[in-house]
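# Notes for the structure review
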Amino acid sequence: MNLTAATRLAGVVGNPISHSLSPILHNAWLEAAGLDGAYLAFGLAPGRFRAFVDGLRGGTLAGINVTLPFKTEALAAADRVSARAHAAGAANVLVFGPDGSVSADNTDGEGLLYAFARQAPGFRPDSGPLVLYGAGGAARGAVAAFLEAGCPEVRLLNRTRARAEDLAARFGDRVRALNTTDPDALSGAAALVNASSAGLGPDAPPPPDFSGAPTTAVAMDMTYRPLRTPFLKAAAARGLRTVDGLDMLIGQAIPAFTAFFGQPPPAAADVRGRVLRLLGEAP
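I will try to describe carefully the structure that is included in this document.

Criteria and thresholds
Along every chain, residues carry numbers that run from 1 in the direction the sequence is written. Local features in this predicted model are restricted to residues whose pLDDT is 70 or higher, and side-chain atom pairs enter the listing and the counts only when it is 80 or higher, whereas totals over whole chains, interfaces and linings include all residues. Based on all heavy atoms of the structure, the side-chain values leave hydrogens and waters out of the count. Note on ring pairs: Phe, Tyr and Trp rings are taken, using the six-membered ring of Trp, and paired if centres are within 6.5 Å. Classes follow the plane angle, with under 30 degrees stacked, over 60 edge-to-face and the rest tilted. A run of DSSP states H or I qualifies as a helix once it reaches four residues; a run of E qualifies as a strand once it reaches two. Both are numbered from the N-terminal end. Burial here depends on accessible area, computed with a 1.4 Å probe over protein chains only, as a share of the maximum for the residue type. Under 20% is buried, over 50% is exposed, and the range in between is partly exposed. A helix is expected to span 1.5 Å for every residue after the first. By convention in these notes, a salt bridge is any Lys or Arg side-chain nitrogen within 4 Å of a carboxyl oxygen on Asp or Glu. Paired strands, as defined in this entry, are two strands with at least two bridges between them according to DSSP. The angle between two axes is taken between their N-to-C directions and runs from 0 to 180 degrees, where each axis is a line fitted to C-alpha atoms and a helix contributes only its stretch in contact. Should any heavy atoms of two residues lie within 4.5 Å, those residues are considered in contact.

## Structural notes on the packing of aromatic side chains
Scanning all chains against the criterion turns up ten aromatic pairs. With centroids separated by 5.2 Å and ring planes inclined at 15 degrees, the aromatic side chains of Phe 49 and Phe 70 adopt a geometry described as stacked. Of this pair, Phe 49 sits in helix α2 (residues 49-56) while Phe 70 sits in the loop between β3 (61-66) and α3 (71-77), and the two are 21 residues apart along the sequence. An identical accessibility class is assigned to Phe 49 and Phe 70; each is buried. Arranged with centres 5.1 Å apart and planes meeting at 85 degrees, the rings of Phe 210 and Phe 231 form a pair that is edge-to-face. With Phe 210 in the loop between β10 (191-194) and β11 (218-221) and Phe 231 in helix α8 (residues 230-237), this residue pair connects regions lying 21 residues apart in the sequence.

## What about helix α6 (residues 137-148)?
Between its terminal C-alpha atoms α6 stretches 17 Å, which fits the 16 Å expected from twelve residues at 1.5 Å a residue. In terms of residue burial, α6 counts as a mostly covered element, since ten of its twelve residues are buried. Within α6, the full set of buried residues consists of Gly 137, Ala 138, Ala 139, Gly 141, Ala 142, Val 143, Ala 144, Ala 145, Phe 146 and Leu 147.

## Some thoughts on the pattern of salt bridges
By the definition in use, this model includes 13 salt bridges. The closest approach of N and O atoms between Glu 31 and Arg 274, which form a salt bridge, is 3.9 Å. Taken together, the positions of Glu 31 in helix α1 (residues 22-33) and Arg 274 in helix α10 (residues 271-278) put the pair 243 residues apart, joining distant regions of the chain. Judged by its relative accessible area of 59%, Glu 31 falls in the exposed class. Judged by relative accessible area, Arg 274 falls into the partly exposed class, the value being 39%.

## So, unusual backbone geometry
With an omega of 0 degrees, the peptide bond running from Leu 68 to Pro 69 counts as cis. Here the residue pair Arg 225 and Pro 226 is connected by a cis peptide bond, since its omega of 5 degrees sits within 30 degrees of zero.

## Concerning the sheet that holds β10
Read across the sheet, six strands follow the order β9-β8-β7-β10-β11-β12 without closing on themselves; strand pairing throughout is parallel. Looking at the sheet topology across the chains shown, the edges are occupied by β9 (175-178) and β12 (241-243). Here the strands of the sheet are splayed against their neighbours by 20 degrees on average, with no regard to which way each runs. Pairing between strand β8 (residues 154-157) and β9: four bridges, direction parallel. Counted as the bridge partner of Leu 156 is Ala 177 from β9. Its contacts with the sheet place α6 against β7 (130-133), β8, β9 and β10, and it is angled at close to 170 degrees to β7. Sheet contacts for α8: β7, β10, β11 and β12; angle to β11, the most-contacted strand, approximately 170 degrees.

Laid out in structure tokens, this is it:
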């Protein structure tokens, strides 16, 4: 990679950031498209996000993707906010204008629906309730996307119920917070989505009991490392169709790449296969 003054730059910001696969996706697309560009990863200490963004205004970066824990701060740092970022109350894309302005968008929901379309053909978000585990920035994008796609009801399950209730209040009557022990939480669900990282790590609680879910439900985990999470393994044991988080990562990155580099990524670039090989998974 030869960086010059003409190289168009973008990147991803988070804490932690070393696990991010976004640079692999974007740089593979840049190479396949023959564009003079580069995509970098920036680790940032908590409390420094706003200063970081303000320092980039009118500079050389075309934009940044934003991951945990900065998605709500990203929204507040922007001068212009897309309708879907406003609805979600969080942003995962910031685009820097030459005049020093910052525009925010949220492509998480678009990526989520892209993953369902790729791995669960025929699934319809309007076919029944969504059960969503988690109430953070990623969950906000999922709620907004499913409601816009006609989902009749979203049920939020979170370890801290008050946080789920706060999120439900943002969206109105079609969204409600339930206790994780509610026996009817999964009844009639069309989709079960994990938007929390609580199921990972050495001290993680066991995955949910999916016995109350209909066998027609589709389970999806936004996590992509590991690709087959305990959440997805438990869902598969119940006989449910499953969707992994890698296609969501790819799906949310497509509009971000377009915003940063001025054209869609080349469809012929097999970024999923490249990442799967990196993770030691069979394509």
